[in-house]
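Understanding the architecture of this molecule
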Amino acid sequence: MTTMTDSSVREFKMPDVGEGLTEAEILKWYVQPGDTVTDGQVVCEVETAKAAVELPIPYDGVVRELHFPEGTTVDVGTSIIAVAVGDGAAAAAEPVQEAVADTPAAEEEAKPAARQPVLVGYGVSTSSTRRRPRKGAQAPAAAQVASAAIQAEMNGHGPAAPAAPEAPAAPAGGDRPLAKPPVRKLAKDLGVDLATVVPSGPDGVITREDVHAAVAAATPAAAPESAPAAAVPAPSPAAAPASYDTARETRVPVKGVRKATAAAMVGSAFTAPHVTEFVTVDVTRTMKLVEELKQDKEYTGLRVNPLLLIAKALLVAIKRNPDINASWDEAAQEIVVKHYVNLGIAAATPRGLIVPNIKDAHAQTLPQLAGSLGELVSTAREGKTSPSAMQGGTVTITNVGVFGVDTGTPILNPGESAILAVGAIKLQPWVHKGKVKPRQVTTLALSFDHRLVDGELGSKVLADVAAVLEQPKRLISWA
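1. Overview of the overall build of the protein
Within the protein one finds 13 helices and 19 strands. Looking at the protein as shown, the accessible area adds up to about 26500 Å², and 55% of this sits on carbon and sulfur atoms.

2. Some words on unusual backbone geometry
Phi at Asp 360 takes a positive value of approximately 50°, unusual for a residue other than glycine. In this fold, Asp 360 is placed in the loop between β15 (357–358) and α11 (366–381). Look at Asp 360 and you get partly exposed, because its relative accessible area is 38%.

3. Let's talk about the pattern of salt bridges
Considering all chains together, one arrives at seven salt bridges under this definition. The residue Asp 282 makes a salt bridge to Arg 439 at a minimum N-O spacing of 2.8 Å. Of the two residues, Asp 282 sits in strand β9 (residues 274–282) while Arg 439 sits in strand β19 (residues 435–449), which places them 157 residues apart along the sequence. Overall, Arg 439 belongs to the buried group, its relative accessible area being 10%.

4. Notes on the sheet that holds strand β6 (residues 61–66)
Pairing is antiparallel in the open sheet, where four strands are placed in the order β1-β8-β6-β3. Of all the strands in the sheet, just β1 (9–13) and β3 (36–37) have a single pairing partner and so form its edges.

5. Some remarks on the pairing of strand β17 (residues 418–422)
Where burial is concerned, most of β17 is hidden: five out of the five residues are buried. Residues Ala 418, Leu 420 and Val 422 point to one face of β17 and Ile 419 and Ala 421 to the other, with burial holding for every one of them. Here β17 runs beside β19; their pairing, made up of five bridges, is antiparallel. Bridge assignment links Leu 420 to a residue of β19, and that residue is Leu 446.

6. Describing helix α8 (residues 256–269)
The end-to-end C-alpha distance of α8, which contains 14 residues, comes to 20 Å, matching closely the 20 Å that a straight helix rising 1.5 Å per residue would cover. Those residues of α8 that sit buried are Gly 256, Val 257, Thr 261 and Ser 268. Projected onto a plane normal to the axis of α8, the buried residues spread over an arc of 115° and lie on a single side. For α8, the exposed residues set more than 90 degrees away from the buried face come down to Ala 263 and Val 266. Looking at the buried side of α8, the elements it contacts are β4 (42–47), β9 and β14 (352–354).

7. A word on the packing of helix α10 (residues 306–320) against helix α12 (residues 455–470)
Orientation of α10 relative to α12, taken along the N-to-C sense of each, is 135°, at an axis distance of 8 Å. Taken together, the axis directions place α10 and α12 in an arrangement best described as oblique. In the crossing of α10 with α12, the sense of the turn from one axis to the other is right-handed. Along the contact surface, α10 presents Leu 309, Ile 310, Ala 313, Leu 314, Val 316, Ala 317 and Arg 320, while α12 presents Val 461, Asp 464, Val 465, Val 468 and Leu 469. Of the residues belonging to the contact of α10 with α12, the class tally is 10 nonpolar, no polar and two charged.

8. Things to note about the environment of Gly 344
Structurally, Gly 344 is set in strand β12 (residues 343–345). With relative accessibility at 0%, the residue Gly 344 sits in the buried group. The residues touching Gly 344, leaving out its near neighbours within four places in the chain, are Val 355, Pro 356, Asn 357, Val 395, Thr 396 and Ile 397.

9. Concerning the sheet that holds strand β5 (residues 52–56)
Sheet architecture is open: four strands sit in the order β5-β4-β2-β7, paired in antiparallel fashion. A strand with exactly one partner marks an edge of an open sheet, and here the two such strands are β5 and β7 (73–75). Taking the axes of each pair of neighbouring strands and ignoring which way they run, one obtains an average angle of 40° across the sheet.

10. Looking at the packing of α10 against α11
Look at α10 against α11: their axes get within 10 Å of each other, and the N-to-C directions meet at 120°. In terms of orientation, α10 lies oblique with respect to α11. Between α10 and α11 the crossing geometry is right-handed. Each of Leu 307, Leu 308, Leu 309, Ala 311, Lys 312 and Leu 315 in α10 lies in contact with α11, whose residues at this interface are Leu 366, Leu 369, Ala 370 and Leu 373. Counted by class, the contact of α10 with α11 contains nine nonpolar, no polar and one charged residues.

11. Examining the side chain of Thr 385
Relative to the assigned elements, Thr 385 resides in the loop between α11 and β16 (395–399). Classification of Thr 385 as buried rests on a relative accessible area of 5%. When residues no more than four places from it in sequence are discounted, the contact partners of Thr 385 are Ala 51, Ile 354, Pro 356, Thr 379, Ala 380 and Met 390.

12. Let's talk about the packing of aromatic side chains
What the rule picks out here adds up to zero aromatic pairs. Lying over the aromatic face of Trp 478, Arg 320 brings its terminal NZ or CZ to 3.8 Å of the ring centre.

13. With respect to the nonpolar core
Membership of the largest hydrophobic core comes to 49 residues, with the highest contact counts inside it found for Leu 314, Leu 343, Leu 369, Ile 397, Leu 420, Leu 444 and Val 465. At the level of elements, α9 (284–295), α10, β12, α11, β16, β17, β19 and α12 are the ones that each hand at least two residues to this core. The element best represented in this core is α10, accounting for 11 residues. Not counting residues up to four positions away in its chain, the partners in contact with Ile 397 are Leu 307, Ile 310, Ala 311, Leu 314, Leu 343, Gly 344, Ile 345, Ala 346, Leu 420 and Val 422.

14. Considerations on a positive patch on the surface
A surface patch of positive charge is lined by Lys 288, Lys 433, Lys 435 and Lys 437. If you trace the backbone, Lys 433 turns up in the loop between β18 (426–432) and β19. According to the relative accessible area criterion, Lys 433 is exposed, its value standing at 70%.

15. Let's talk about a nonpolar patch on the surface
Nonpolar side chains collect at one region of the surface, where Val 402, Phe 403 and Val 405 lie side by side and expose about 310 Å² of accessible area between them. As for its position among the elements, Val 405 is in the loop between β16 and β17.

Analysis parameters
- Residues numbered from 1 in each chain as written.
- Predicted model: local features only at pLDDT ≥ 70, side-chain atom pairs only at ≥ 80, totals over all residues.
- Heavy atoms only, no water.
- Helix = DSSP H or I, 4+ residues; strand = E, 2+ residues; numbered from the N terminus.
- Areas by Shrake-Rupley, 256 points an atom, 1.4 Å probe, with all protein chains shown as cover.
- Buried < 20%, exposed > 50% of the residue type's maximum accessible area, 1.4 Å probe, protein only.
- Salt bridge = Lys/Arg side-chain N within 4 Å of Asp/Glu carboxyl O.
- Pairing = 2+ DSSP bridges.
- Expected span 1.5 Å × (residues − 1).
- Arc of directions from axis to C-beta.
- Contact = heavy atoms within 4.5 Å.
- Axes fitted to C-alpha atoms, helices over the stretch in contact; angles between N-to-C directions.
- Parallel < 35°, antiparallel > 145°, perpendicular 65-115°, else oblique.
- Left-handed = near helix turned anticlockwise from the far one by under 90°.
- Nonpolar A, V, L, I, M, F, W, Y, C, P; charged D, E, K, R; others polar.
- Phe/Tyr/Trp six-rings, centres within 6.5 Å; stacked < 30°, edge-to-face > 60°.
- Lys NZ or Arg CZ within 6 Å of the ring centre and 35° of its normal.
- Core = buried A, V, L, I, M, F, W, Y, C linked by side-chain atoms within 4.5 Å.
- Patch = residues over 30% accessible without salt bridge, like charges linked within 9 Å, V, L, I, M, F, W, Y side chains within 5 Å.
- Lys, Arg positive; Asp, Glu negative; His and termini not counted.
- Charge placed at Lys NZ, Arg CZ, Asp CG, Glu CD.

Keep in mind these values describe shape, not function.
Shown next, in the form of structure tokens:
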């Protein structure tokens, strides 16, 4: 901890780069201690649950300290870099002796509350990111000197292995033991009383390993009582900790986009009652139209493919059946019908599945929609999709056909009532004008929230999409 005055060192805290995000992982530092930085210079790249974002520093100075290494997940509102400014900038360029001083965290808290710099929106107040202090939490000074290994354990990057950790004191006054919900469920399933478990996690939190250790410790003591006098082998404990073949298995921490996707899909699947309907349709005429549009000068330089006409077909179907474009407000017990369409497109990226959306897609012409789709796809592939581009979607398309599969049963994007899956377009025998001919055929699947979308409404929407793709001229007659 360096000895600098409050006026000469400024702590840059992890901003809320989305809306309501609580943490971000530091992917890469672009500066090192001793480097000079200027207002607006990008100092690091972080990955939130929604996207990778570059963070600019909001003042001039010299980098004093990087508080976290690359790969660390940091809570919003936590200081990540110290920068010497003003008179302190010159001193920061020289070696500074380590000294025992008052905790900077306490000094920061004594300052007047201020809005934190954010990249999206107007900022986030300090109180919105401050978490309720846990009972029995470590002193701020102890938290400041926590090692990178302990930080990795807190963020799920791998188990820290301290040698013979000192057992924290048991909760006083009958306080409830600290443990996350999955750990509480595990303890309940295994018949373990959390009050008897010695916690090893930060701030006295009980981990899964602690519960398994309690089971393993109790099993040998119980075995002699249940074992007969004759040397009959005791059954092996069913709840013993799972073993892993580290030579042939790889354990990947769940974080970032994958963590957010998992939470969203579980929440959606077990909140909205899903219904999925299917239809197989002849899209030969649509494929011919795609080829014609590619030759049209108005579409020069634009991305023209079947997805463009499928997206337009869905927009037409929504216009004819507007109640499909809605969401369920559980708190208010209301159905919210949207009079605009923010069309989401599920995109597979190196960081995982994301669903950016085209704002006000219903108001775009076909060439404009082609341009928006091309920009959305290229931005997603580059990993530069902004958090705002993934917020506010009303309906989604997922094109599983690019992987060669016929269709699927897609899970709704949280907050939406419908998602359309498009299968592979294949040449198949089809009855056309009374004769069996080879035609280009695909299968569509529409999943919808049965709380607000009845079977009739869902069927009409899917039938309309299929009708447009079978006869693309309906884009004109139904528009």
